[in-house]
Amino acid sequence: MSTKIVPLAESHFDALRLVLDLVARERRYLAFLRAPPAEQAFEFYRNIVANDLCHFVALTDGEVVGWCDVLPTHGESRIHMGTLGIGLIASARHQGTGSSLMEATIAKAWAKGLSRIELTVRADNLNARALYERMGFRMEGLHQRAFLVDGEFYDSYSMALLRRDDARVSRPADPQEKP
Ligand SMILES: CC(C)(COP(=O)(O)OP(=O)(O)OC[C@H]1O[C@@H](n2cnc3c(N)ncnc32)[C@H](O)[C@@H]1OP(=O)(O)O)[C@@H](O)C(=O)NCCC(=O)NCCS
């Protein structure tokens, strides 16, 4: 069995949506409880490929078994950051693939100039929290009752990873400030 980490390509779209659907339907990990309709998902994926965004898939013996992405959010003051998402089908977990996916995706995010990666994780998702901590993410805060699934509330945490070698501090010029 061999696993490769490769950038998302059009040939992965169908299988990736199925992987997302499987993980979402577990109802324990993601904000989604099922995958979006195919056309909506494919439009989202096409935008990722067209803009060379940070998105990798794991292929085991050529089959898509998971993904990791770091995607931009809105707002000019947030262009330095991205939000991380990750998921693997159940049979692909606990083999180091999550770590490999994260390493590839984070490396690309830093290479593209990002300096902050943030994520949200359900408080009861101990496997994901342990992986994020191993990758250097730090806890930033608790969101109470952030998920509601089958009538149960779940808290979540926000976590972030900063690119520590980034010494740039930039701010808009202040017209009142004397040179
Ligand atoms: C969270 C998730 C992506 C982690 O991926 P993963 O591939 O299981 O993570 P890793 O294999 O890299 O690390 C997990 C375990 O494998 C072990 N491991 C790491 N490298 C390994 C290797 N080469 N061989 C065997 N085991 C290995 C780790 O020590 C760790 O062990 P532990 O779980 O007993 O503590 C995966 O569990 C998943 O998809 N979960 C469901 C979706 C989800 O939670 N998404 C995140 C929402 S915030």
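Reading guide: rules and limits
- Residues numbered from 1 in each chain as written.
- Predicted model: local features only at pLDDT ≥ 70, side-chain atom pairs only at ≥ 80, totals over all residues.
- Heavy atoms only, no water.
- Helix = DSSP H or I, 4+ residues; strand = E, 2+ residues; numbered from the N terminus.
- Buried < 20%, exposed > 50% of the residue type's maximum accessible area, 1.4 Å probe, protein only.
- Near = heavy atom within 4 Å.
- Polar contact = N/O pair within 3.5 Å; in protein donor to acceptor, adjacent residues only side chain to side chain.
- Areas by Shrake-Rupley, 256 points an atom, 1.4 Å probe, with all protein chains shown as cover.
- 1 Å grid on protein atoms, 1.4 Å probe; cavity = no way out; pocket = protein on both sides within 12 Å on 5 of 7 lines; lining within 4 Å.
- Sits in = over half its atoms within 2 Å of the grid points.
- Pairing = 2+ DSSP bridges.
- Axes fitted to C-alpha atoms, helices over the stretch in contact; angles between N-to-C directions.
- Contact = heavy atoms within 4.5 Å.
- Salt bridge = Lys/Arg side-chain N within 4 Å of Asp/Glu carboxyl O.

- If you look the protein chain up in an unreviewed UniProt entry, it shows as GNAT family N-acetyltransferase from Candidatus Methylophosphatis roskildensis.

**Points about unusual backbone geometry**
With the exception of glycine, most residues fall at negative phi, and the peptide bonds are largely trans.
So, point 1. Of note, the phi angle at Arg27 is positive, near 65 degrees, even though the residue is not glycine.
So, point 2. Along the chain, Arg27 falls in the loop between helix 1 (13-25) and helix 2 (38-50).
So, point 3. Judged by relative accessible area, which is 32%, Arg27 ranks as partly exposed.
So, point 4. One non-glycine residue with positive phi stands out, namely Arg145, at about 50 degrees.
So, point 5. Topologically, Arg145 is positioned in strand 6 (residues 138-149).
So, point 6. Residue Arg145 is classed as exposed on the basis of its relative accessible area of 57%.

**Digging into the site of the ligand**
So, point 1. The immediate surroundings of the ligand are formed by 20 residues, with Leu88, Gly96, Gly98, Ser99 and Asn127 found nearest.
So, point 2. Residue Gly98 places a main-chain N or O atom 2.7 Å away from an oxygen atom belonging to the ligand.
So, point 3. When isolated, the ligand has an accessible area of 930 Å², and the protein chains bury 70% of it.
So, point 4. Of all the cavities here, the one that holds the ligand is the largest pocket.
So, point 5. Those elements giving two or more residues to the shell around the ligand turn out to be strand 4 (81-88), helix 3 (97-111), strand 5 (116-122) and helix 4 (126-134).
So, point 6. It is helix 4 that provides the largest number of residues to the shell around the ligand, a total of 5 residues.

**Brief notes about the sheet that holds strand 5**
So, point 1. Taking strand neighbours across the sheet as the criterion, the 7 strands line up as 1-2-3-4-5-7-6 in an open arrangement whose pairing is mixed. Both edges of this open sheet fall to strand 1 (3-7) and strand 6, since each of them pairs with a single strand only. Averaged over all adjacent pairs, the angle separating strand axes in this sheet is 25 degrees, with direction ignored.
So, point 2. Sheet analysis places strand 4 next to strand 5, joined by 3 bridges and oriented parallel. When the bridges of strand 5 are listed, Met81 appears paired with Arg116.
So, point 3. Here helix 1 sits on the sheet and contacts strand 2 (54-60), strand 3 (63-72) and strand 4; the angle it forms with strand 3, its principal contact strand, is near 85 degrees.
So, point 4. Those strands touched by helix 3 are strand 1, strand 2, strand 3, strand 4, strand 5 and strand 7 (152-162), and its axis lies near 155 degrees from that of strand 2.

**Details of the pattern of salt bridges**
So, point 1. Enumeration according to the criterion identifies 10 salt bridges in this entry.
So, point 2. One salt bridge connects Asp21 with Arg25, and the closest N-O pair in it is separated by 2.8 Å. One end of the pair, Asp21, and the other, Arg25, are both in helix 1, 4 residues apart, so they sit about a helical turn from each other.
So, point 3. Where salt bridges share partners, they join Arg78, Arg116, Glu118 and Glu140 into one cluster.

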